[in-house]
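Per-entry structural report
The primary structure of each chain is shown beneath.
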Number of protein chains: 2
Amino acid sequence: MGNRPTIADIAKRVGVSPGAVSFALNGRPGVSEQTRARIVEVAREMNWRPHRAARALGGSQAGAVGLVLARDPHTLGSEQFYTQVLYGMQETLSARSFAVQMQLVRDTTAEIALYRDWSSEHRVDGLVLVDLQVDDPRLTVIDELNIPAVTLGPRLDGALPSVWADDSEAMITIVDYLAALGHRHIAHVAGPPVYRHTAQRMAALRDHAISRGLDVGVSVPTDFSDAQGAAATRTLLSRRDPPSAIIYDSDLMAAAGLGVALELGVRVPHELSIVSFDDSVLTRIVHPQLTCLSRDTYALGAQVAEVLLKAIADPSARQSVQSETPKLVVRGSTARAATQR
Amino acid sequence: MGNRPTIADIAKRVGVSPGAVSFALNGRPGVSEQTRARIVEVAREMNWRPHRAARALGGSQAGAVGLVLARDPHTLGSEQFYTQVLYGMQETLSARSFAVQMQLVRDTTAEIALYRDWSSEHRVDGLVLVDLQVDDPRLTVIDELNIPAVTLGPRLDGALPSVWADDSEAMITIVDYLAALGHRHIAHVAGPPVYRHTAQRMAALRDHAISRGLDVGVSVPTDFSDAQGAAATRTLLSRRDPPSAIIYDSDLMAAAGLGVALELGVRVPHELSIVSFDDSVLTRIVHPQLTCLSRDTYALGAQVAEVLLKAIADPSARQSVQSETPKLVVRGSTARAATQR
DNA sequence: GTCGGCTTCTAAACCGCTATAGCTCTTGGG
DNA sequence: CCCAAGAGCTATAGCGGTTTAGAAGCCGAC
């Protein structure tokens, strides 16, 4: 309810027209340097801040970008990954006084509905799409809504600018590392195969295992929950021919898998090596600590923000930048494969 | 860039004035039921959505509430708690087409600066304050900005409406439970004592231990990080007279503490019982699973949203509601105290 | 038949800022 | 000395809603 000063108040104080004040405060030509200095000074004195809605109404921007996470409420909240990305985005965006409209929804349908709402209400100037699916219904909608957007995930040779990582290469890094330790039978507890990055990892494991002459690399799909991660592990370990190493698509599932191994009396890392595709505190509080792929998620968020801002400024320029490839951090959960039983 | 229909377009189609359309669509008197029906129908047909900025400018609301989490970037992202609260808030708020402006910042100073920005830019209609401090500088600012706000945390007999939980009672529940198991020496790995809830828990442990005739209940303050949680545990366990039970203010620290116990060869729960003040997946993926206080955080978020909406609608009515008291969920990390050594 | 009062609607101002057209004054060229 | 060009400003029209004052039509009452 505070009586915020408006541009008109400043104009009155300085003795110029509101238009002049607008010019001055937005750093555009039309006022002398002298007048500009005076206006800027008074504006600061009066503690003036632009009224977002008024600006947005003047045909221009809402000053916000949207990020929607579609998650089963139960699986929710464990992802340090997106929290960090969000943090990186916010630090970059708030410097340009953009806000991030983040919302958690149940599924992709709700996500799409939200995009439509936000777009028609002019709530956001751009969107960040994460968790790309193999045949992603969101892409059509984005196209239809004609709103700037950037994808975060695997490479997407299509319409949208993106910040992408090479999931195949990441998988190959892990497989090579495990192969060098003598592992020949490597399994993979994957996410849902509808996700592009999951599909890519599965394919990479299969292909690379073949080309390196290893046993066929089996991927078990899950819903990313700790329960299914545990179940998948149980299944794999009770096979006649259990793997000597398991790669997990998330650190939560890796931790759950570790628990199952302990429970079954399978010693980690001596009898089973575990690698997680994600890094977070979780990998460091379990015992043994988990070997995993790690990357600077904060920087990733900042990168996403940059690309999105460019896309907003110039929707025709659709650049794609590659993000830093995750690096393998070796901890206690991996070791040389036990000699063949 | 989509050419969204405006109220004027609808007015033209129906053959009435824009004002009438506004009345009709906002369900206020001034139009006949017949006309209203026609207008609503055409609006739906044309897929009309209010332009947020225009609404906000017309003197009324921004249609958003703010939630800021002040966190050290390193400690960040493990809190399933706030993610769930956020989810509960969003489900309730989006039904009334309010958005949640969530932002992560480094510290309270940045948080306050953000409140000022949001308020002066008219970005939010209300705020949710979490992590209340003993002498909280935010309260003055909220008062000064004269913006509706609700606090989430311990009871606060002051100006602001709140959704509060009784941390003392929660602590007493735990202590009673442990005492019944025969534990006489109970320690507490706390958060930073600047937080009211931490201070309250510390006081409750101390007082209640005395009144129940137990050994003095020591609280070790930390910064909520896994590292300090581990360090505190190490300190406690290497005392001449180690506690037989430790209560942790967060599940992350509890998990870290569990790791330390294992490492030191202290068997959980036989030689050491562990209780966490928070519940999340984390408590279920470690071994043994952690006994903890659990509550419906989703419902809590919904409750916060309700109270905030009421405060926005009528800033003079400052109600406070008590949230459900957390319930103790017994899992594998607690057991009868070993007989005195 | 006139008047008050109700319902139902219109016209117009307004929210705070941006953007454009145009006005005034100076300056320099021919 | 006049005109064109440019700098520096003002006036004004939006943006898409909300909100108020008031007009028109209809009713019943006196």
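Predicted model only: the values in this text are computed from it and were never measured.

Glancing now at the relation of the copies chain B and chain A. For the pair chain B and chain A, the relating rotation is 180°, the translation along its axis is 0.0 Å, and the fit reaches an RMSD of 0.1 Å. The transformation just described matches what one would write down for a two-fold rotation axis. When C-alpha positions in chain B are compared against the rotation axis, the closest is assigned to Ala53(B), at 2.1 Å. Here 98% of the contact residues of chain B are again contact residues in chain A; the copies associate through an equivalent surface.

Residues and elements named next belong to chain B. Strand order in the open sheet formed by six strands is β2-β1-β3-β4-β5-β11, with parallel pairing between adjacent strands. Either end of the sheet is taken by a strand with one partner, and the two such strands are β2 (99-105) and β11 (320-322). The mean inter-strand angle of the sheet, taken between neighbouring strand axes irrespective of direction, is 20°. Where strand β1 (residues 64-70) and strand β3 (residues 126-130) come together, three bridges link them in parallel fashion. What sits directly across from Val-65, in β3, is Gly-126. Across the sheet, helix α13 (residues 297-313) is in contact with β1, β3, β4 (149-153), β5 (162-164) and β11; its angle to β4 comes to roughly 155°.

This part is about the protein's contact with DNA strand D. In the vicinity of DNA strand D lie 25 residues, with Ser17(A), Ser32(A), Thr35(A), Ile7(B) and Ser22(B) positioned nearest. The separation between a base oxygen of DNA strand D and a polar main-chain atom of Leu57(A) is 3.4 Å.

Looking now at the packing of aromatic side chains. All names here are of chain A. Under the defined criterion, the tally for this structure stands at six aromatic pairs over all chains. Summarising the aromatic geometry, the rings of Tyr-87 and Tyr-298 are spaced 5.7 Å apart at their centres and angled 55° between planes, so their arrangement reads as tilted. Of this pair, Tyr-87 sits in helix α5 (residues 80-95) while Tyr-298 is found in helix α13 (residues 297-313), placing the two residues 211 residues apart along the sequence. Between Arg-201 and the ring centre of Phe-277, over which it is positioned, the NZ or CZ distance is 3.7 Å.

All names here are of chain B. At a minimum axis distance of 9 Å, the contact between helix α2 (residues 18-25) and helix α3 (residues 33-45) shows a crossing angle of 90°. The angle between the axes of α2 and α3 places the two elements in the roughly perpendicular class. On the side of α2, the interface is formed by Ala-20, Val-21, Phe-23, Ala-24 and Leu-25, while α3 contributes Arg-36, Ile-39, Val-40 and Ala-43. Along the lines of polarity and charge, the residues of the contact of α2 with α3 split into eight nonpolar, no polar and one charged.

All names here are of chain A. By the criterion of burial, strand β4 (residues 149-153) is predominantly enclosed, with five of the five residues buried. Sheet analysis places strand β3 (residues 126-130) next to β4, joined by four bridges and oriented parallel. Residue pairing for β4: Val-130 is matched across the bridge by Leu-152. Crossover connection from β3 via helix α7 (residues 137-145) to parallel β4: handedness right-handed.

Attention now moves to the domain arrangement of chain A. When its domains are assigned, chain A resolves into domain 1 (7-50), domain 2 (64-165 + 297-325) and domain 3 (167-293). Look at where the C-alpha atoms of domain 1 of chain A and domain 3 of chain A centre, and you get two points 61 Å apart.

Moving on: helix α11 (residues 251-263) of chain B. Here α11(B) spans 18 Å end to end across 13 residues, near enough to the 18 Å set by a 1.5 Å rise per residue. Buried within α11(B) we find Asp251(B), Leu252(B), Met253(B), Ala254(B), Ala255(B), Ala256(B), Gly257(B), Leu258(B), Gly259(B), Val260(B) and Ala261(B). Buried residues belonging to α11(B) abut α12 (281-285) of chain A together with β6 (186-189), α10 (226-237), β8 (245-248), β9 (273-276) and α12 (281-285) of chain B. Trailing α11(B) by a residue or two, Gly265(B) shows a phi angle of about 75°, which is positive.

Before going further, it helps to spend a moment on the pattern of salt bridges. Pairing between side chains of opposite charge can happen when their charged atoms approach one another. Counted according to the given criterion, the structure contains 40 salt bridges over all chains. A salt bridge links Arg138(B) to Glu111(B); the shortest N-O distance between them is 2.7 Å. Here Glu111(B) lies in helix α6 (residues 108-120) and Arg138(B) lies in helix α7 (residues 137-145), a separation of 27 residues in the sequence. No difference in accessibility class separates Arg138(B) from Glu111(B), as the two residues are buried. The network of salt bridges with shared partners includes Arg49(A), Arg52(A), Asp117(B), Glu121(B) and Arg123(B).

Cut-offs used in this document
- Residues numbered from 1 in each chain as written.
- Chains lettered and ligands numbered in written order.
- Predicted model: local features only at pLDDT ≥ 70, side-chain atom pairs only at ≥ 80, totals over all residues.
- Heavy atoms only, no water.
- Least-squares fit on C-alpha atoms with pLDDT ≥ 70 in both.
- Contact = heavy atoms within 4.5 Å.
- Pairing = 2+ DSSP bridges.
- Helix = DSSP H or I, 4+ residues; strand = E, 2+ residues; numbered from the N terminus.
- Axes fitted to C-alpha atoms, helices over the stretch in contact; angles between N-to-C directions.
- Near = heavy atom within 4 Å.
- Polar contact = N/O pair within 3.5 Å; in protein donor to acceptor, adjacent residues only side chain to side chain.
- Phe/Tyr/Trp six-rings, centres within 6.5 Å; stacked < 30°, edge-to-face > 60°.
- Lys NZ or Arg CZ within 6 Å of the ring centre and 35° of its normal.
- Parallel < 35°, antiparallel > 145°, perpendicular 65-115°, else oblique.
- Nonpolar A, V, L, I, M, F, W, Y, C, P; charged D, E, K, R; others polar.
- Buried < 20%, exposed > 50% of the residue type's maximum accessible area, 1.4 Å probe, protein only.
- Right-handed = clockwise from strand over helix to strand, strands pointing away.
- Domains from an automatic or database assignment.
- Expected span 1.5 Å × (residues − 1).
- Salt bridge = Lys/Arg side-chain N within 4 Å of Asp/Glu carboxyl O.

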